[in-house]
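# Secondary and tertiary structure notes
Each chain, letter by letter, is given below.
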Amino acid sequence: MENNQSNDSNSNQQSAPQNSRAGQQQVRPQQGNARQQQPQTALQPPRGPQPQFSQADLNRIVLEYLNKKGYNKTESMLRLESSNTPTPSVPSVSPATSNIASPVEISRREKDLKDKASRHERELRELRDKQVRIERELRDSRDREFRLAKEKELRDLRDYEEKQKRENDPEIYYRVYSMLRSWVETSLDLYKPELSRLLYPIFIHCFLELIAKNFSSQAKRFLDKFKGDHVMLHGLEINKLAGISLPEHLKENELAQAYRNNKYRIIVSKTSINLLLYFLHENEAVGGAILIRIINQYLNPIISTTKPDKVDQEGEANPDEGIPDYITKTNEIDKFNEQPVKLGKLPMDPEVQKEIEAELKVKDEKADPVNDKTLVEEFQDITSVEDDSPARESLPLPLKDASDIKRQILAVEDSRSKIKLGAIQASAPSVCMYTFHNTNNDMTCLDFNDDSNLMAAGFQDSFIKLWSLDGKPLKSVFKKDKYNNDNSRKLIGHSGPVYGVSFSPDNRYLISGSEDKTVRLWSLDSYSALVSYKGHNQPIWDVKFSPFGHYFATASHDQTARLWATDHIYPLRIFAGHINDVDCIEFHPNSNYVFTGSSDKTCRMWDVQTGNSVRIFMGHTGPVNCMSVSYDGRWLASAGEDGVVNIWDAGSGRRLKTMRGHGRSSIYSLAFSRDGGVLVSSGADNTVRVWDVKKNTNDAGPEPEAFSFDSNSNNANGTSRNASANSQNFKNDKSSRKEIIATSDHMTAYFAKKTPIYKVHFTRRNLCLAGGGFMG
């Protein structure tokens with residue numbers, strides 16, 4: 001008893017400095033005791049020896065009295081107050097107040113540890129002795145039935161011995177979990193999301209079993225190796241379990257007890273659980289039997305009646321899953337994504353705004369409104385400040401000049417005249433396709449400028465090529481330039497393949513990122529390199545100019561993204577957090593946030609002011625190749641190697657829907673229409689596909705009505721024949737292509753013959769441009 005009291009006092013004393021509030025509470029009982037120990041005055045009657053009651057005893061007596069008399073409200077209030085009593089003070093640790101365990105106690109603990117370590121050896125020794133005895137009996141006996149029975153008993157003993165060896169080999173847990181993890185990673189995309197969710201409870205129980213068998217060092221290695229797969233969804237639980245290192249800790253840890261005493265509920269399709277069990281049975285001899293036992297003992301699979309692709313996708317924690325009656329927040333992403341963000345438009349400089357309005361008024365006086373809107377009204381709609389708009393000073397920008405004002409006026413005119421694609425019901429845009437021949441499969445990237453009259457492409461041969469799309473020659477400011485009459489230009493300067501190019505909004509500059517780890521700024525006045533930005537220590541996969549110019553962002557193989565300004569040679573911000581390559585990057589329309597897509601299958605949203613991640617988007621089952629943000633800044637679209645397009649709410653971080661139609665082909669580019677109702681995607685399947693963004697969401701409009709044809713009308717007959725002919729042509733066209741089942745929000749597809757389409761882009765008037773290199 002003395003040793004136990006000593007241990008309790010030591011632990012309390014050690015925990016006190018960690019919590020200043022606990023330290024303050026410890027003073028109060030001492031003050032109370034001081035008041036009780038004041039000398040009695042003459043007015044107080046002398047007292048004989050009185051029974052000593054603790055505060056808890058007094059509370060119990062009063063509560064019993066109140067309960068007996070029926071004072072229920074008073075009783076409940078007293079219970080509440082007594083539960084908030086301060087912790088009694090603890091004497092400071094010193095040799096006088098500490099009891100040291102006796103030699104007998106120490107030797108007893110050591111003996112217990114040795115007994116646990118040798119128990120397994122004793123069991124194996126007994127098994128071997130039994131086997132030797134049975135083998136001796138087999139040699140001595142001639143009775144056939146007796147020999148058959150003993151041979152069976154010997155086989156069972158040998159199987160049991162092998163099972164015991166596997167169960168008590170700490171390395172077997174490491175090997176079999178690695179094997180299962182690799183198998184899940186290479187599974188079909190249809191089953192991978194729910195198989196990935198099955199990995200988490202198996203991972204936890206493998207760790208707890210290693211601890212229970214006193215393999216502390218192997219358990220720590222196992223946790224450190226594999227926790228990265230689960231920390232995003234279950235980081236809180238993993239942190240609670242990470243402090244366990246001894247079997248005794250399992251009894252003290254509430255979460256560990258919940259896992260050991262309850263079955264983990266998980267919703268899974270019948271096919272997926274059958275695939276898992278079949279795989280484990282096939283590998284029973286190398287540890288599969290251990291995982292089958294864990295699933296049988298600690299998991300409660302609820303077979304879903306829906307198809308596997310309808311079960312929750314990867315990256316989503318289902319509240320119906322987990323340990324029943326254990327209150328914990330398992331989805332760390334929801335908690336993380338509650339950080340405040342400002343997604344409204346960036347306010348314009350009031351002086352510039354007045355100047356532009358004055359110019360637009362002059363234009364309105366000379367021309368009639370278009371689409372019942374004047375230019376001033378359109379400009380006010382574009383620049384109206386919203387409730388969640390960031391402060392204008394949040395993004396320092398250079399002063400605007402006359403060319404910037406002229407460009408803004410042109411943007412307002414184009415915005416007013418744009419084709420409405422998604423006003424009530426979404427309609428497919430017109431698509432203009434640019435196919436590049438004789439590229440020798442060396443083209444790596446494409447980009448269109450904001451005015452849609454220039455295109456740039458990067459090549460494996462370290463150069464960039466520019467084309468004029470309106471046929472005008474690309475003239476340099478140098479009059480003696482011999483290429484002034486050409487409508488294409490070649491920019492040479494990189495020493496490695498160019499993987500990303502981006503035009504500045506004012507069309508004066510181009511930036512490019514390369515395998516040579518540098519970003520180059522090119523002048524489109526002189527067609528020469530101005531600056532080489534160095535900071536990344538690995539190849540750069542993507543570059544993007546800010547919608548307001550001056551700033552640009554880069555994504556790299558070094559697992560970081562960086563923010564730069566054209567007038568600084570070093571990065572302003574480094575966005576670090578992805579655990580694999582950052583493959584693509586995109587600015588929010590107000591330029592206060594940057595979106596990144598990574599090979600770690602996640603997208604992130606970063607605050608430009610702090611450099612911190614403020615949103616994580618999880619749900620892809622492959623690397624993310626491309627993203628696009630709607631022009632109102634509310635929705636994000638992402639796509640990649642898994643062949644699906646995910647639509648996210650940037651404000652909450654939640655996935656709104658998943659769109660399928662590209663089959664198993666990788667998707668290279670995405671673009672929102674200017675009104676945000678239509679999304680266009682392109683990829684390795686040589687198609688441009690059009691999607692109704694708002695369908696199957698809360699913002700969906702009415703469904704279009706089906707056409708009906710009247711056979712009594714000549715005009716209807718003609719229409720019907722034409723429709724039938726068109727339908728037959730469409731069927732014939734589809735019969736020559738692989739049938740792909742698309743989701744209901746897939747509107748149409750435009751096919752190229754042998755051209756993977758690297759880039760899609762909407763002009764300011766909602767015409768879609770697409771480009772790719774012919775794979776002849």
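Residues numbered from 1 in each chain as written. Predicted model: local features only at pLDDT ≥ 70, side-chain atom pairs only at ≥ 80, totals over all residues. Heavy atoms only, no water.

### Some thoughts on the pattern of salt bridges
Using the criterion set out here, one finds 23 salt bridges in the structure. When the shortest N-O distance is used, the salt bridge between Arg 407 and Asp 404 registers 3.4 Å. Note that Arg 407 and Asp 404 are positioned in helix 18 (residues 402–416) at a spacing of three residues, about one turn of the helix. Across the pair Asp 745 and Lys 657 runs a salt bridge whose closest N-O atoms are separated by 3.0 Å. Linking Asp 745 in the loop between helix 19 (714–735) and strand 27 (746–751) with Lys 657 in strand 23 (residues 655–660), this pair joins segments that are 88 residues apart in sequence. The burial state of Asp 745 is the same as that of Lys 657; both residues are buried. When salt bridges that share partners are traced, they join Asp 414, Asp 450, Asp 451, Arg 674, Arg 764 and Arg 765 into one network. (Salt bridge = Lys/Arg side-chain N within 4 Å of Asp/Glu carboxyl O. Helix = DSSP H or I, 4+ residues; strand = E, 2+ residues; numbered from the N terminus. Buried < 20%, exposed > 50% of the residue type's maximum accessible area, 1.4 Å probe, protein only.)

### Re helix 8 (residues 192–212)
With 21 residues, helix 8 extends 30 Å from end C-alpha to end C-alpha; this agrees with the ideal 30 Å at 1.5 Å per step. One or two positions beyond helix 8, positive phi appears at Asn 214, with a value near 70 degrees. (Expected span 1.5 Å × (residues − 1).)

### Some remarks on the side chain of Asp 642
Turning to its location among the elements, Asp 642 is positioned in the loop between strand 21 (635–640) and strand 22 (644–649). Put simply, Asp 642 is tucked away with no salt bridge, and the nearest opposite charge, on Arg 655, sits 7.0 Å away. Discounting residues that sit within four places of it in the chain, Asp 642 has contacts with Asp 189, His 620, Thr 621, Gly 622 and Gly 663. (Lys, Arg positive; Asp, Glu negative; His and termini not counted. Contact = heavy atoms within 4.5 Å.)

### Notes on the UniProt feature "repeat: WD" (unreviewed entry) in the chain
Following the UniProt record, the feature "repeat: WD" (unreviewed entry) maps to residues 436–470, 491–532, 533–564, 575–616, 617–658 and 665–694 here. Helix makes up 0% of residues 533–564 and strand 59%, and the two end C-alpha atoms of the span are 9 Å apart. (UniProt positions renumbered as here; feature names shortened; annotations may be inferred.)

### Considerations on the nonpolar core
Grouped together as the largest cluster of nonpolar side chains are 48 residues, with contacts concentrated most on Leu 180, Phe 203, Leu 208 and Phe 222. Taken together, the elements giving at least two residues each to this core come down to helix 7 (170–185), helix 8, helix 9 (216–226), helix 10 (231–242), helix 12 (254–261), strand 1 (264–269), helix 13 (270–282) and helix 14 (288–298). With twelve residues, the top contributor of residues to this core is helix 8. In contact with Phe 203, not counting residues within four places along its chain, are Tyr 177, Phe 222, Leu 223, Phe 226, Lys 227, His 230 and Ile 238. (Core = buried A, V, L, I, M, F, W, Y, C linked by side-chain atoms within 4.5 Å.)

### Observations regarding the packing of helix 7 against helix 14
At a minimum axis separation of 9 Å, helix 7 and helix 14 run at an interaxial angle of 80 degrees. Here helix 14 runs roughly perpendicular to helix 7, going by the angle between their axes. Contact with helix 7, carried on its side by Ile 172, Tyr 173, Val 176 and Leu 180, involves Gly 288, Ile 290, Leu 291 and Arg 293 of helix 14 and no other residues of that element. Among the residues making up the contact of helix 7 with helix 14, the classes are represented as six nonpolar, one polar and one charged. (Axes fitted to C-alpha atoms, helices over the stretch in contact; angles between N-to-C directions. Parallel < 35°, antiparallel > 145°, perpendicular 65-115°, else oblique. Nonpolar A, V, L, I, M, F, W, Y, C, P; charged D, E, K, R; others polar.)

### So, helix 9
Of the residues making up helix 9, those classed as buried are Ala 219, Phe 222, Leu 223 and Phe 226. Down the axis of helix 9, the smallest arc covering the buried residues is 95 degrees, so these residues share one side. Across helix 9 from its buried face, at more than 90 degrees, point the exposed residues Ser 217 and Lys 220. (Arc of directions from axis to C-beta.)

### Notes on the packing of helix 17 (residues 375–383) against helix 18
Interaxial distance between helix 17 and helix 18 falls to 9 Å at its minimum, and their mutual angle equals 100 degrees. Of the possible angle classes, the one that applies to helix 17 and helix 18 is roughly perpendicular. Where helix 17 approaches helix 18, its residues Leu 375, Glu 378, Phe 379 and Ile 382 are matched on the opposing element by Gln 408, Val 412, Glu 413, Ser 415 and Arg 416. The class makeup of the residues in the contact of helix 17 with helix 18 is four nonpolar, two polar and three charged.

### Overview of the packing of aromatic side chains
Counted by the stated rule, this structure contains 21 aromatic pairs. Taken together, the aromatic side chains of Tyr 174, Tyr 177, Phe 203, Phe 222 and Phe 226 make up a single cluster linked through ring pairs. Cation over ring: Arg 221 sits above Tyr 174, and NZ or CZ is 4.3 Å from the ring centre. Above the face of the Phe 463 ring, Lys 490 is positioned so that its terminal group lies 4.2 Å from the ring centre. (Phe/Tyr/Trp six-rings, centres within 6.5 Å; stacked < 30°, edge-to-face > 60°. Lys NZ or Arg CZ within 6 Å of the ring centre and 35° of its normal.)

### Quick notes on the sheet that holds strand 4 (residues 443–448)
Pairing between sheet strands relies on hydrogen bonds along the backbone, with the strands arranged either parallel or antiparallel. Spatial strand order, 4-5-6-7: four strands in an open sheet with antiparallel pairing. Single-partner strands in this sheet number two, and they are strand 4 and strand 7 (488–492). In this sheet, neighbouring strand axes are inclined to one another by 20 degrees on average, regardless of whether the strands run parallel or antiparallel. (Pairing = 2+ DSSP bridges.)

### Comments concerning the side chain of Lys 418
By the element assignment, Lys 418 lies in the loop between helix 18 and strand 3 (431–436). At 4.0 Å, Glu 378 is the nearest oppositely charged side chain to Lys 418, a buried residue that forms no salt bridge. Excluding anything up to four places from it in sequence, Lys 418 contacts Glu 378, Arg 674, Asp 675, Arg 764, Arg 765 and Asn 766.

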